[in-house]
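# Coordinates in review
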Amino acid sequence: MNLNFNPQHIVILTGAGISAESGIRTFRDANGLWEDHDIMEVASPQGFDRDPELVHRFYNLRRQQLLSDEVHPNQAHLSLAKLEEDFKGKLSIITQNVDNLHEQAGSKNVIHMHGELLRMKCVETGKSLLNKRDIHVETPCPCCLKTGNLRPDIVWFGEYPMHMAKIEEELSQCDLFISIGTSGVVYPAAMFVQLAKSNGAYCIEVNLEQTQVSDDFDMHMQGPATETVENLVKLILS
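Residues numbered from 1 in each chain as written. Predicted model: local features only at pLDDT ≥ 70, side-chain atom pairs only at ≥ 80, totals over all residues. Heavy atoms only, no water.

## Let's talk about the nonpolar core
Soluble, globular proteins show a tendency: their nonpolar side chains are buried together. Ile-12, Ile-178 and Ile-180 are the most contacted members of the largest nonpolar core, which totals 24 residues. Elements supplying a minimum of two residues to this core: strand 1 (9-14), helix 4 (75-86), strand 4 (90-95), strand 9 (176-180), strand 10 (202-207), strand 11 (219-222) and helix 8 (225-237). It is helix 8 that contributes the most residues to this core, 6 residues altogether. Among all residues touching Ile-12, those that are not within four sequence positions of it are Leu-80, Leu-83, Leu-91, Ser-92, Ile-93, Ile-94, Ile-178 and Ile-180. (Core = buried A, V, L, I, M, F, W, Y, C linked by side-chain atoms within 4.5 Å. Buried < 20%, exposed > 50% of the residue type's maximum accessible area, 1.4 Å probe, protein only. Helix = DSSP H or I, 4+ residues; strand = E, 2+ residues; numbered from the N terminus. Contact = heavy atoms within 4.5 Å.)

Written as structure tokens, this is what we have:
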């Protein structure tokens, strides 16, 4: 297996599949529920308006898990950080994940299209704030000093992903696009392969199984991200 060319600009899209092997839980059961609550109750603007304390508790638990000793970057995250360090061209990671495992592994050029667990946003000023503590309705906002103005800086159902202009620019300029651990069903990320391909990029899919957009890729690597990503990085750097 080889690429037959030397890429100069790599864009990598990562999804839940790369963080699953780090012990990140989905917080949903087989029916899509969290503690008998529909996921829309804790991941939508309407749910937040109805019961902000419930939403805060949901994200407090996710934040606590991310900051616990149980969760660490895995070999896939570490391999991508090594690729960024050793690659002579330009490399960007677009992630659908709200964890900071790419950054923990050492990656620097990371675009979080769905927001970040370790950030809060002031609903009055729109300012994004680093936060590692539990947040409650009565927690005063460091920005405006008012209570009730903090919400998770997360893209909820019905909201538009972040940094899309930058993402589209990256996809229009890259010559190698790699999708790792994504389902291929969530838009607009499901369209990224088509955007990259329309601009002449070679496209590689890394996943446990085929996806709805697998046919759009030039190369497929199936298996756990911890194994396949390390092999792919060695291939690129060789």
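Now, onward.
## Regarding the pairing of strand 8 (residues 150-154)
In terms of residue burial, strand 8 counts as a mostly covered element, since 5 of its 5 residues are buried. When strand 6 (residues 115-122) meets strand 8, the two strands line up antiparallel, connected through 4 bridges. Looking across to strand 8, one finds that Met-120 is bridged to Pro-152. (Pairing = 2+ DSSP bridges.)

## A few points about helix 6 (residues 164-173)
The set of residues buried in helix 6 consists of Met-164, Ile-167, Glu-170 and Leu-171. In a view along the axis of helix 6, the buried residues occupy a sector of 120°, so they form one face of it. Tucked into the core, helix 6 has its buried residues touching strand 1, strand 4, strand 5 (110-112), strand 9 and helix 7 (192-198). (Arc of directions from axis to C-beta.)

## Some details on a nonpolar patch on the surface
Together, Tyr-187, Met-191 and Leu-195 give the surface a local cluster of nonpolar side chains, amounting to about 290 Å² of exposed area. By the secondary structure assignment, Leu-195 is in helix 7. (Patch = residues over 30% accessible without salt bridge, like charges linked within 9 Å, V, L, I, M, F, W, Y side chains within 5 Å. Areas by Shrake-Rupley, 256 points an atom, 1.4 Å probe, with all protein chains shown as cover. Salt bridge = Lys/Arg side-chain N within 4 Å of Asp/Glu carboxyl O.)

## Observations concerning the sheet that holds strand 5
The strands that make up a sheet pair up through hydrogen bonds in the backbone, lying either parallel or antiparallel. Strand order in the open sheet formed by 6 strands is 5-4-1-9-10-11, and the pairing between neighbours is parallel. Since the sheet does not close on itself, it has two edges, and those belong to strand 5 and strand 11, each with one partner. The mean inter-strand angle of the sheet, taken between neighbouring strand axes irrespective of direction, is 15°. Where strand 1 lies against strand 4, 6 bridges are found, and the strand directions are parallel. Looking at the pairing, Ile-10 lines up with Leu-91 of strand 4. Packing of helix 8 onto the sheet brings it into contact with strand 1, strand 9, strand 10 and strand 11, and relative to strand 9 it is tilted by some 165°. (Axes fitted to C-alpha atoms, helices over the stretch in contact; angles between N-to-C directions.)

## Here's the deal with the pattern of salt bridges
Across all of its chains, the model carries 6 salt bridges by this definition. The residue Lys-166 makes a salt bridge to Glu-170 at a minimum N-O spacing of 3.0 Å. On the criterion of helical spacing, the pair formed by Lys-166 and Glu-170 is a turn pair, its members being 4 residues apart in helix 6. A single network of salt bridges, built from pairs that share partners, joins Lys-90, Lys-166 and Glu-170.

## Some details on the side chain of Asn-131
One can find Asn-131 in the loop between strand 7 (128-130) and strand 8. Accessibility expressed as a relative area gives 6% for Asn-131, which makes it buried.

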